[in-house]
Amino acid sequence: MFETISNFIAAFLTLSIFSFLYKDNPFYKFAEALLVGVSMGYAIPLVYESVFIPYVYTPIFLSHKFIIIIPALLGSLYIFRFSKNLGWLSRYPIVFGMSIIGMSIPMSINSYVLVQMRSAMLPIDGINSALIFIGTVTILLYFFFSKAHKGIYGKVTNVGIWFMMIGFGASFGYTVMARVSLLIGRIQFLLGDWLGLVK
Amino acid sequence: MKRQIPLIIIITLGFMFVAHSFIPHKISTEFFDWFQDWVKAISPFAVSLGIMSLFMVHGTKISRKVPNWQYSVVTLGGLIFTAVAGFVWGTQAGTPYMWLFENVQMPMSASMFALLAFYIASAAYKAFRARSAEATVLLIAAVIVMLGQVPLGAMISKWIPETSTWILNVPNLAAKRAIMIGVGLGMTATSLKILLGIERTYLGGGD
């Protein structure tokens, strides 16, 4: 009985979301508003258990590392973000969190630029590796806007556009398949778990 | 001084961490580990910002009785009910909190993303109508990749899964690699702008 009621609620909310395919309506608006609230409400206890307890409560109250009171007080300054007079206090927790980007500079240069360039510079031993090299170089040239895309240079950057279109098409295809897979999951739930028409 | 002191903090700490990445001395490693504990202790309080923002936006709608204010009651009610369920009964399997996740949050978010399947199909139709050579190439690549993922593709021709794999491994890899290099350079430039105090929007308005 409890499972039937649970399935009925889940099915009602699923159909409320799908009702947007017809047009915007009160059922969709209700489900949309509920989704926002429940998603935020779901995150609060998770953050409390997985971040606040291990990194604030346990060090201060169980491990007696009282120095952690300082970052905890700094963190509580976030609440002044919406204050007109004391809003500047919220800058302190932000800058402490943001200063970690100092570490991200060498990391992003290494993982996004150097590793990718090294992979692109491997010996060209076949048609495929040659195509990958040509594609990478022509796309990078396309994003170089200090030179007008005219003449031979324009033709080279055009090759980059074609490579990008194929890449975007592949990403698009993958995204469509992921969404269709979710759709199949919801239809299986409606026809199987809820209505019992499919086993 | 309300802006200068935070800027001095981020510039000093930021460049210290850049130096630490290249010269990982024992002292700097210990300082970095200690600092990470501080950042982790600060981070959960950022959630309070999200909660306050949501309450301020929807509270204003309710108090002013703007059109469709009733949905704001649903949002805040859902938030309070789910959070209280998590704190009172815990977050383990079989609790009301997990029931809400399995029967309310998960079905709705999955349906919301599934809804995009229809709009993506509509977008594909519009792209095909553009009738440009580039749009056609994009659509052909997408169709081959889609067919390559399902048994129907292999049933039509054994070349479809092979072509799909080739598209993913060759031209798609070239595009992803070039875009990643661009993203890396962009990230580095933005990070440097923050560290040098050129980019200050994250500090917000006011003095």
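Going along each chain's sequence as written, the residues are numbered from 1 onward. Here the convention is simple: chains get letters from A, ligands get numbers from 1, in the order in which they are written. Two thresholds apply to this predicted model, a pLDDT of at least 70 for residue-level local features and 80 or more for giving and counting side-chain atom pairs, whereas whole-chain, interface and lining totals are computed over all residues. Hydrogen atoms and water are omitted, and side-chain values are computed over all heavy atoms in the structure.

### A short note on the overall build of chain B
Consideration 1: A count of helical and extended segments in chain B gives nine helices and zero strands.
Consideration 2: Radius of gyration: C-alpha atoms only; globule rule: 2.2 Å multiplied by the number of residues to the exponent 0.38. For chain B, the C-alpha radius of gyration of 26 Å lies well beyond 17 Å, the compact-globule estimate for 207 residues.
Consideration 3: Overall, chain B is about 65 × 55 × 40 Å in size when its C-alpha atoms are taken along their principal axes.
Consideration 4: Burial classes follow relative accessibility: with a 1.4 Å probe on protein chains only, a residue under 20% of its type's maximum area counts as buried, one over 50% as exposed, and anything between as partly exposed. The buried share of chain B, reckoned over its 207 residues, is 38%.
Consideration 5: Carbon and sulfur atoms form 71% of the exposed surface of chain B, whose accessible area is close to 11200 Å². Here a helix means four or more residues in a row that DSSP labels H or I, a strand means two or more in a row labelled E, and each is numbered from the N terminus. The accessible surface values rely on the Shrake-Rupley method and a 1.4 Å probe; as for residues, cover is taken only from the protein chains in view.

### Quick look at the interface of chain B and chain A
A common way to report how large an interface is uses the accessible area buried once the components associate.
Consideration 1: Contact criterion: two residues are considered in contact whenever any of their non-hydrogen atoms come within 4.5 Å of each other. On the side of chain A, 102 residues touch chain B, which itself brings 107 residues to the contact.
Consideration 2: Of the roughly 10000 Å² buried between chain B and chain A on both sides combined, carbon and sulfur atoms contribute 81%.
Consideration 3: The largest share of the area that chain B buries against chain A comes from B:Trp38, B:Met108 and B:Arg177, three residues that together contribute 7% of it.
Consideration 4: Only one rule defines a salt bridge in this text: a Lys or Arg side-chain nitrogen within 4 Å of an Asp or Glu carboxyl oxygen. Scanning the region where chain B abuts chain A turns up zero salt bridges.
Consideration 5: Sorting the residues of the side of chain B that touches chain A by element identifies helix H1 (4–22), helix H2 (26–42), helix H3 (46–63), helix H4 (69–89), helix H5 (96–129), helix H6 (133–149), helix H8 (159–169) and helix H9 (171–195) of chain B as the ones contributing at least two each.
Consideration 6: The dominant element in the side of chain B that touches chain A, judged by the number of residues it contributes, is H5(B), at 21 residues.
Consideration 7: Partitioned by chemical class, the residues of the side of chain B that touches chain A number 73 nonpolar, 26 polar and eight charged. What counts as buried area is the accessible surface, traced by a 1.4 Å probe, that two parts surrender upon association, with contributions from both included. Put simply, Ala, Val, Leu, Ile, Met, Phe, Trp, Tyr, Cys and Pro go in the nonpolar bin, Asp, Glu, Lys and Arg in the charged bin, and everything else, Gly too, in the polar bin.

### Quick look at the nonpolar core
Consideration 1: Here, nonpolar core means buried Ala, Val, Leu, Ile, Met, Phe, Trp, Tyr and Cys residues that are tied together by side-chain atoms lying within 4.5 Å of each other. Residues A:Leu74, A:Val95, A:Phe96 and B:Tyr202 are the most contacted members of the largest nonpolar core, which totals 32 residues.
Consideration 2: Listing elements by their share of this core, those giving two or more residues are helix H2 (26–62), helix H3 (69–76), helix H4 (91–98) and helix H5 (101–120) of chain A together with H1, H2 and H9 of chain B.
Consideration 3: Other than its neighbours up to four places away in sequence, B:Tyr202 contacts A:Arg81, A:Ile94, A:Val95, A:Met98, B:Leu7, B:Ile10 and B:Ile194.
Consideration 4: Membership of the second largest hydrophobic core comes to 21 residues, among which are A:Ile17, A:Val38, B:Tyr71 and B:Ala85.

### Quick notes on the packing of aromatic side chains
Consideration 1: Only the six-membered ring of Trp is used, alongside the rings of Phe and Tyr, when aromatic pairs are assigned; centres must lie within 6.5 Å, and planes under 30 degrees apart are stacked while those over 60 apart are edge-to-face, with the rest tilted. Here the structure, examined in full by the defined rule, presents 22 aromatic pairs over all chains.
Consideration 2: Geometrically, the ring pair formed by A:Tyr57 and A:Phe61 is tilted, given 5.0 Å between the ring centres and 35° between the ring planes. Separated by four residues within a single helix, A:Tyr57 and A:Phe61 lie in helix H2, roughly one turn from each other.
Consideration 3: The exposure class assigned to A:Phe61 is exposed, which follows from its relative accessible area of 54%.
Consideration 4: Joined through ring pairs, the aromatic side chains of A:Phe96, B:Phe17, B:Phe31, B:Phe32, B:Trp34, B:Phe35 and B:Trp38 make up one cluster.
Consideration 5: Of note, B:Lys65 hangs over the ring of B:Trp69, and the distance from its end group to the ring centre comes to 4.8 Å.
Consideration 6: The ring centre of B:Trp159 lies 4.3 Å from the NZ or CZ of B:Lys158, which sits over that ring. We call a charge positioned over a ring when the NZ of a Lys or the CZ of an Arg lies within 6 Å of the ring centre and within 35 degrees of the ring normal.

### With respect to a nonpolar patch on the surface
Consideration 1: A grouping of A:Tyr48, B:Phe55, B:Ile80, B:Val84, B:Phe87, B:Val88 and B:Trp89 is seen on the molecular surface, where their side chains present a nonpolar patch of about 670 Å² in accessible area.
Consideration 2: Per-element tally for the nonpolar patch: the top contributor is H4(B), with five residues.
Consideration 3: For B:Phe87, the location among the structural elements is in helix H4. Exposure above 30% relative accessible area and the absence of a salt bridge qualify a residue for a patch, where like charges join within 9 Å and nonpolar side chains (Val, Leu, Ile, Met, Phe, Trp, Tyr) within 5 Å.

### So, the pattern of salt bridges
Residue and element names in this part refer to chain B.
Consideration 1: Per the counting criterion, the structure on display carries one salt bridge over all chains.
Consideration 2: Among the ionic pairs, Lys26 bridges to Glu30, the shortest N-O distance being 2.9 Å. Here Glu30 and Lys26 lie together in helix H2, a separation of four residues that amounts to about one turn.

### Quick look at unusual backbone geometry
Residue and element names in this part refer to chain B.
Consideration 1: For Lys65, which is not glycine, the phi torsion reads 50° and is therefore positive.
Consideration 2: Relative accessible area serves as the criterion here: at 53%, Lys65 is assigned to the exposed category.
Consideration 3: Residues other than glycine seldom take positive phi values, yet Asn68 does so here, at roughly 65°.
Consideration 4: Of note, Asn68 is situated in the loop between H3 and H4.
Consideration 5: Of the residues examined, Asn68 reaches a relative accessible area of 41% and is grouped as partly exposed.

### Notes on helix H1 (residues 2–18) of chain A
Consideration 1: Multiply 1.5 Å by the residue count of a helix minus one, and that product is the helix's expected span. In this model H1(A) runs 24 Å from its N-terminal to its C-terminal C-alpha over 17 residues, within 8% of the 24 Å that 1.5 Å per residue would give.
Consideration 2: Listing the buried residues of H1(A) in full gives A:Ser6, A:Asn7, A:Ala10, A:Ala11, A:Leu13, A:Thr14, A:Ser16, A:Ile17 and A:Phe18.
Consideration 3: Lining the buried residues of H1(A) we find H2 and helix H7 (151–194) of chain A together with H5 of chain B.

### Thoughts on the packing of H3(B) against H4(B)
Relative orientation and spacing of two packed helices are given, respectively, by the angle between their axes and the distance between those axes.
Residue and element names in this part refer to chain B.
Consideration 1: Here, axes are lines fitted to C-alpha atoms. For helices the fit covers the stretch in contact, and angles between N-to-C directions go from 0 to 180 degrees. One can describe the packing of H3 onto H4 by two numbers: an axis separation of 8 Å at closest approach and a directional angle of 145°. Judged by the twist between their axes, the crossing of H3 over H4 is left-handed. Here H3 contributes Leu54, Phe55, His58, Gly59, Lys61 and Ile62 to the contact with H4, which in turn contributes Trp69, Ser72, Val73, Thr75, Leu76, Leu79 and Ile80.
Consideration 2: Residues that form the contact of H3 with H4 fall into these classes: eight nonpolar, four polar and one charged. The crossing is said to be left-handed when, going from far helix to near helix, the turn is anticlockwise and less than a right angle, and right-handed when the turn is clockwise.

Keep in mind these numbers describe shape, not what the thing actually does.
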